[in-house]
Amino acid sequence: MDKKVSWIVNGRLTQFLPAEINSGLSENELILRGGIIKLIETRDGVTALWSVFSANWASLYYLMEWVKVSTGPFTLKFFLSGWFNETVETSQEASDRISQIMAKSDVHIMSHTYVKEVSPERTRVPHILRDVLKDMVAPPDISIDCAPNEGSGQFVVERIGTGSTIARRWGMNPVSYPCLSGHSYAKLIEQAYEDVIRTEIPHYDHVLAAMTQPDSSIMWIPYQRVVLPHRFPDGRKGVSVVTEITDVDISIV
């Protein structure tokens, strides 16, 4: 089986999209507003997509039972102020997690960015970040350099490493979402930049943020980061930042 797509509509499994697709509704609109669930089965596992606020409960109960007789791993992609993307290995884990998400159907997320300081000794740190913390050096190819604007005080991304998280996901565009200043995401993450410049002490934390992707969709991105003090050739103070998309010790759903 290369790929099989099916749908759960009003508690029933079908291989065909509802008739509304012919009335001008896109597939994305059917998921986000029509309450249907999309299933994608491949050799690598199963992906289920649904909107937490609009999903039909009969369909979600069906999904909970359906995964129990399906083969994982299971990727649960659900929309709640942005797309969450979680993967679990077993049928029971998938069913239990769907139940937990259903119980959060009335949750209103108040912020689109969450930052949490975590001790690197008490969490699983990706080896790239652990090496940066150990050596206190941010390799240019995997880091970005930021400096405060003298006029506004807001930080500007002045260099993007070709192997950095931003480059890999958003490209080298200096005006992509994570590079823009002024919005709430930038204000929250820049607090650590200010502390590092002031103290010249490296900083490590976890971040979970709903971020606009290159295709204009909004996804919740979990990442860990290390912020190091940096001195530009002209003498200005700034920071070098290395990030890695991975599990974080932040849970909002």
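Cut-off values and rules
Residues numbered from 1 in each chain as written. Predicted model: local features only at pLDDT ≥ 70, side-chain atom pairs only at ≥ 80, totals over all residues. Heavy atoms only, no water. Helix = DSSP H or I, 4+ residues; strand = E, 2+ residues; numbered from the N terminus. Expected span 1.5 Å × (residues − 1). Bend = angle between axes of the 7 residues up to and from the residue. Buried < 20%, exposed > 50% of the residue type's maximum accessible area, 1.4 Å probe, protein only. Contact = heavy atoms within 4.5 Å. Polar contact = N/O pair within 3.5 Å; in protein donor to acceptor, adjacent residues only side chain to side chain. Arc of directions from axis to C-beta.

Chemist: Even after reading the chapter, I still don't get helix 6 (residues 184-199), so can you show me in this structure?
Modeler: Turn by turn, an α-helix covers 3.6 residues, leaving residues three or four places apart pointing in a common direction. Compared with an ideal rise of 1.5 Å per residue, which puts 16 residues at 22 Å, helix 6 spans 24 Å between its outermost C-alpha atoms and is within 8% of the ideal. Along helix 6, the largest kink reaches about 30° and is centred on E190. Inspection of helix 6 places Y185, A186, I189, E190, A192, Y193, V196 and I197 among the buried residues, and these make up the whole buried set. On the buried face of helix 6, the contacting elements are strand 7 (113-117), strand 8 (144-148), strand 9 (155-160), strand 10 (203-212), strand 11 (218-231) and strand 12 (237-245).

Chemist: Just to check I follow, could you spell out the side chain of D145 for this structure?
Modeler: Positionally, D145 belongs in strand 8. Among the polar contacts listed, one links the side chain of D145 to the side chain of S240, at a separation of 2.6 Å. Dropping the residues within four chain positions of it, D145 is found in contact with V156, V157, E158, R159, H230, F232, V239 and S240.

Chemist: How do you make sense of the environment of S111 when you look at a structure like this?
Modeler: Relative to the helices and strands, S111 is located in the loop between helix 3 (91-103) and strand 7. When neighbours within four sequence positions are excluded, S111 is seen to be in contact with L188 and W220. A distance of 2.8 Å separates a polar side-chain atom of S111 from the backbone oxygen of T113.

Chemist: For this particular structure, what's the right way to read helix 2 (residues 57-68)?
Modeler: Between its first and last C-alpha, helix 2 extends 17 Å over 12 residues, near the 16 Å set by a 1.5 Å rise per residue. Of all the residues in helix 2, the buried ones are S59, L60, L63, M64, W66 and V67. Summarising the axial view, the buried residues of helix 2 lie within an arc of 165°, below the 170-degree limit, and thus occupy one face. Considering only its buried residues, helix 2 is in contact with strand 1 (3-9), strand 2 (12-14), strand 3 (37-42), strand 4 (45-51), strand 5 (74-79) and helix 3. A distance of 2.8 Å separates the backbone nitrogen of A58 from a side-chain oxygen at the start of helix 2, and that oxygen is part of N56.

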